[in-house]
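An overview of the molecular structure
Residues per chain, in single letters:
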Amino acid sequence: TIDRGGGRVQSSNEPEQFLQQQLGLQVPIRSLRFWAIGVPEPAQGFQKTASGFVQSGWLVDYREMQKIGQYLLPYKLAITKDQVKLKLVVEKWDLSQGIRSVN
């Protein structure tokens, strides 16, 4: 789902194509699965920064973390590349089934 404000909300069940269409670039959905839980994608190199890392040309910046049980997980993160900035806010984590592999 993309919310452009002013009541302009659009959704799709095909996220990579949808984001390509809406933003004009390929967003690494596979990598986002890892970035959302606070780690770089293991199959690719990365470079650490003060508050995150750079991977595949994307700056992943963890703005705020939250303690959920024994885990420290992202609450707010920003992902930027060139003119594109994605913001993710995780208001609630459900770890009732534990942490599973994201591969």
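Look a little higher up for the structure.
First, a word on scope: everything that follows refers to the structure included in this document. (Residues numbered from 1 in each chain as written. Predicted model: local features only at pLDDT ≥ 70, side-chain atom pairs only at ≥ 80, totals over all residues. Heavy atoms only, no water.)

**Quick notes on the overall build of the protein**
- A tally of regular secondary structure across the protein gives 2 helices and 7 strands.
- The secondary structure elements of the protein, listed N-terminal to C-terminal, are β-β-α-α-β-β-β-β-β.
- On the principal axes, the C-alpha backbone points of the protein span a range of 40 × 30 × 25 Å.
- Counting every position in the protein, which comprises 103 residues, the buried fraction comes to 26%.
- Taking as baseline every contact in the protein between residues at least 6 positions apart, the subset at least 24 positions apart corresponds to 25%.
- Carbon and sulfur atoms make up 48% of the accessible area of the protein, which totals about 7200 Å².
- Side chains of the protein give 13 positive and 9 negative charges; the mean places of these two sets differ by 4 Å. (Helix = DSSP H or I, 4+ residues; strand = E, 2+ residues; numbered from the N terminus. Buried < 20%, exposed > 50% of the residue type's maximum accessible area, 1.4 Å probe, protein only. Contact = heavy atoms within 4.5 Å. Areas by Shrake-Rupley, 256 points an atom, 1.4 Å probe, with all protein chains shown as cover. Lys, Arg positive; Asp, Glu negative; His and termini not counted. Charge placed at Lys NZ, Arg CZ, Asp CG, Glu CD.)

**A look at the pattern of salt bridges**
- In total, this model carries 2 salt bridges according to the counting rule given.
- Glu41 serves as the salt-bridge partner of Arg30, at 3.1 Å between the closest nitrogen and oxygen. Residue Arg30 is found in helix H2 (residues 29–35), and its partner Glu41 is found in the loop between H2 and strand E3 (47–49); the two are separated by 11 residues along the sequence.
- Note on Arg30: relative accessible area 42%, which makes it partly exposed.
- A relative accessible area of 4% places Glu41 in the buried class.
- Linking Arg63 and Asp61 is a salt bridge whose minimum nitrogen-to-oxygen distance equals 2.6 Å. (Salt bridge = Lys/Arg side-chain N within 4 Å of Asp/Glu carboxyl O.)

**Details of the environment of Gly24**
- Checked against the element boundaries, Gly24 lands in the loop between helix H1 (15–23) and H2.
- Separated by 38 residues in the primary sequence, Gly24 and Tyr62 have C-alpha atoms spaced 24 Å apart.

**Quick notes on the nonpolar core**
- Ranked by size, the top nonpolar core spans 15 residues in total, and within it Val27, Trp35, Trp58, Val60, Tyr62, Ile79 and Leu86 carry the most contacts.
- For this core, the secondary-structure elements that each account for two or more residues are H1, H2, strand E5 (58–68), strand E6 (71–81) and strand E7 (84–89).
- The element contributing the most residues to this core is E5, with 3 residues.
- What Val60 contacts, discounting residues up to four positions off in sequence, is Trp35, Ser51, Gly52, Phe53, Leu77, Ala78 and Ile79. (Core = buried A, V, L, I, M, F, W, Y, C linked by side-chain atoms within 4.5 Å.)

**A word on the side chain of Ser31**
- Relative to the helices and strands, Ser31 resides in helix H2.
- With a relative accessible area of 2%, Ser31 lands in the buried category.
- Polar side-chain contacts of Ser31 include one of 2.4 Å to the side chain of Glu41.
- Setting aside residues no more than four positions away along its own chain, Ser31 makes contact with Glu41 and Gln44. (Polar contact = N/O pair within 3.5 Å; in protein donor to acceptor, adjacent residues only side chain to side chain.)

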